[in-house]
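Letter by letter, the chains look like this.
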Amino acid sequence: MNSSLSIPSSVALVWRSQWHALQAHAEQLGPRHLSELFAADPLRGERLQAEAAGLYLDYSKQRVTDETLRLLLELAGACSLEERIAAMFHGDKINTTEDRAVLHVALRAPADAQFCVDGRNIVPDVQAVLERMAIFAESVRSGAWTGHTGKRVRNVINIGIGGSDLGPVMAYEALRAYSRRDLRFRFVSNVDSTDFVEATRDLDPAETLFIVCSKTFSTLETLTNAHAARDWCLQALGDANVADRRVVAKHFVAVSTNADGVAEFGIDTAQMFGFWDWVGGRYSMDSAIGLSTMLAVGADHFRSMLAGFYAMDEHFRTTPLHRNLPVLMGLLAIWNANFLGASTVAVLPYEQYLKRFPAYLQQLTMESNGKHVTLNGARVHCATGPIYWGEPGTNGQHSFYQLIHQGTRLIPCDFIGFCQALNPMPDQHGGDQHDLLMANLFAQSEALAFGKSADQVKAEGTPVAQVPHRTFEGNRPSTTLLAARLDPYTLGALVALYEHSVFVQGIIWNIDSFDQWGVELGKALAKRTAAEIASGEDPELNHDSSTNTLIRRYRRQRVPCT
Ligand code: F6P
């Protein structure tokens, strides 16, 4: 094992003492309100910020002092964060439980960069796939690529799940303003047949191209949907009884690391876009898994997105920790989760195009850091992986913000906003609708931080009985990310920011942020249960009494399809 991956006991000791120092500091800081921190330092809002790759990070409304940051940075030092960052970029096998390098950063590196896996520079392989993607995307976008009957492609359906779906659908929605409007994009992920049926019901198979995305090409949901798609195409365009290769060749491409699986399904591997085991599924939207993104926005915009990723990567790799955006975000997440007791993070983009961003982040953050054992296999001694969730502003304001403002739980928020609208429109008063949107963002973070005291409420002439109900305690922490405009470059930088922030948190917790063993047990049980459900005989069920009863009841009431 690489020496940079094992934690010497001396480091564990320093870690523990830093941790205790932070606990003591949190107790001391406890009673101090954000209003007090701002009053004590009139320049706080100008000081506690950092900027990189077009993203401005204001963390002054987090419940931290200079001392908090100093202690957090010391903790990072105790965890050898800088060495760990270097190890990732160096291609060390930091995904120890799968014995893999973690090199999604190589996907967005310039052509003359070098990233080595087992002594071999992988950048030329990455660039070659990007080139093939660009040629294919251009042929579809120009109409040169036609379906089996000679019609041009009007519909693109991405079939995949998890990282093979959430990245593509998020990026498509985020960059819709830059996309070809004469191409229709849909995303099928769920094994619930409704997903496929609804995605295809109004489409002509002759004009439809399927991108089957699966790193392993063995995922039940994706293979089931891919088979449904093939049947749907063959019924209309070929012979449903024989896997008609000519139809499949014109209507299916695959993205995978598993060439054998792709060939076995019936897609010619010449129509497969590869990636590699050193790219985790949830870190793959900028690999060939992003083929639908490139089809939607074109190769130049895709390259611009990669440039945004790369700018943030370089910032992360080279910037001192105290000015490093992903490091600051990661350490603040640790502070909130482990020292202020917050178990969730609300992600609140004030940008409609980012409506799937919280869902995308859920896999990125929770599949990465939802772990209860350390790299050494010991049980972790603190909470890991906070729960990420959210909705675009201002919709959330009329739904769950009540709880964030006045509930009993501490919910740190990430506000994300842009200075320029992609669809500017005047409001009914002759103002600008985007100004209204952004006024809401700024107002929410202000209200959360500073609240409204009982005295202020009373002074407004509020009936005494209502005062407690109308009082806002404030002191609710938030971070605001502000950028000029949502474009491909900024999206890349934003995603890389969260990717690396997740990495930082994983380093502090000393967990493997790149495996996902926790999804396996459910998959295995589902296989066994599916066989029992399908069984013609009354199967002998050896589950617990609840599961046995549920399966029996389901078997009695189900209506099998013919
Ligand atoms: O089940 C979890 C998972 O393995 C994710 O990590 C992954 O993104 C998803 O399934 C899909 O996997 P694949 O791309 O191999 O189909």
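You'll find the structure just up there.
What comes next concerns the included structure.

Conventions used here
Residues numbered from 1 in each chain as written. Predicted model: local features only at pLDDT ≥ 70, side-chain atom pairs only at ≥ 80, totals over all residues. Heavy atoms only, no water. Helix = DSSP H or I, 4+ residues; strand = E, 2+ residues; numbered from the N terminus. Rg over C-alpha atoms; globule rule 2.2 N^0.38 Å. Buried < 20%, exposed > 50% of the residue type's maximum accessible area, 1.4 Å probe, protein only. Areas by Shrake-Rupley, 256 points an atom, 1.4 Å probe, with all protein chains shown as cover. Lys, Arg positive; Asp, Glu negative; His and termini not counted. Charge placed at Lys NZ, Arg CZ, Asp CG, Glu CD. Near = heavy atom within 4 Å. Polar contact = N/O pair within 3.5 Å; in protein donor to acceptor, adjacent residues only side chain to side chain. Core = buried A, V, L, I, M, F, W, Y, C linked by side-chain atoms within 4.5 Å. Contact = heavy atoms within 4.5 Å. Phe/Tyr/Trp six-rings, centres within 6.5 Å; stacked < 30°, edge-to-face > 60°. Lys NZ or Arg CZ within 6 Å of the ring centre and 35° of its normal.

Helices and strands together make up the secondary structure of the protein chain, namely 22 helices and 13 strands. Computed over the C-alpha atoms, the radius of gyration of the protein chain is 25 Å, within 12% of the 24 Å expected from 2.2 N^0.38 for a compact globule of 562 residues. Counting across all 562 residues of the protein chain, residues that qualify as buried make up 53%. In the form shown here, the protein chain has an accessible surface area of approximately 24,800 Å², with 52% of it arising from carbon and sulfur atoms. The distance from the centre of the 50 positive side-chain charges to the centre of the 61 negative ones in the protein chain is 4 Å.

We now examine the site of the ligand. Taken together, 14 residues are adjacent to the ligand, and Ser-164, Ser-214, Lys-215, Thr-216 and Thr-219 come closest. With respect to the ligand, the backbone of Gly-163 contributes an N or O atom lying 2.7 Å from an oxygen atom. Here Thr-219 contributes a side-chain N or O atom positioned 2.5 Å from an oxygen atom of the ligand. Protein contact buries 87% of the 390 Å² of open area that the ligand shows by itself.

For Ala-86, the location among the structural elements is in helix H5 (residues 81-90). Overall, Ala-86 belongs to the partly exposed group, its relative accessible area being 43%. When the C-alpha atoms of Ala-86 and Arg-317 are compared, they prove to be 7.2 Å apart, with 231 residues separating the residues in sequence.

We now examine the nonpolar core. In this structure, Phe-115, Trp-278, Leu-295, Phe-357, Leu-491 and Tyr-498 are the most contacted members of the largest nonpolar core, which totals 126 residues. Contacts of Trp-278, omitting those with residues within four sequence positions, involve Ala-101, Val-102, Leu-103, His-104, Ala-106, Leu-107, Val-117, Ile-122 and Val-126. Membership of the second largest hydrophobic core comes to 24 residues, among which are Leu-203, Phe-210, Trp-232 and Cys-233.

The element helix H7 (residues 166-174) is largely enclosed, with a buried count of nine among its nine residues. Where the residues of H7 are buried, they touch strand S5 (155-159), strand S6 (184-188), helix H12 (291-297), helix H15 (357-369) and helix H20 (488-509).

Before going further, it helps to spend a moment on the packing of aromatic side chains. Counted under the stated rule, the structure contains 24 aromatic pairs. Taking 5.4 Å as the distance between ring centres and 40 degrees as the angle between the ring planes, the aromatic pair formed by Phe-400 and Tyr-401 counts as tilted. With relative accessibility at 16%, the residue Phe-400 sits in the buried group. On the accessibility criterion, Tyr-401 (2% relative accessible area) is buried. Positioned over the ring face of Phe-273 is Arg-132, at 4.6 Å from the centre of the ring. Between the NZ or CZ atom of Arg-230 and the centre of the ring of Phe-265, over which it lies, the distance is 4.5 Å.

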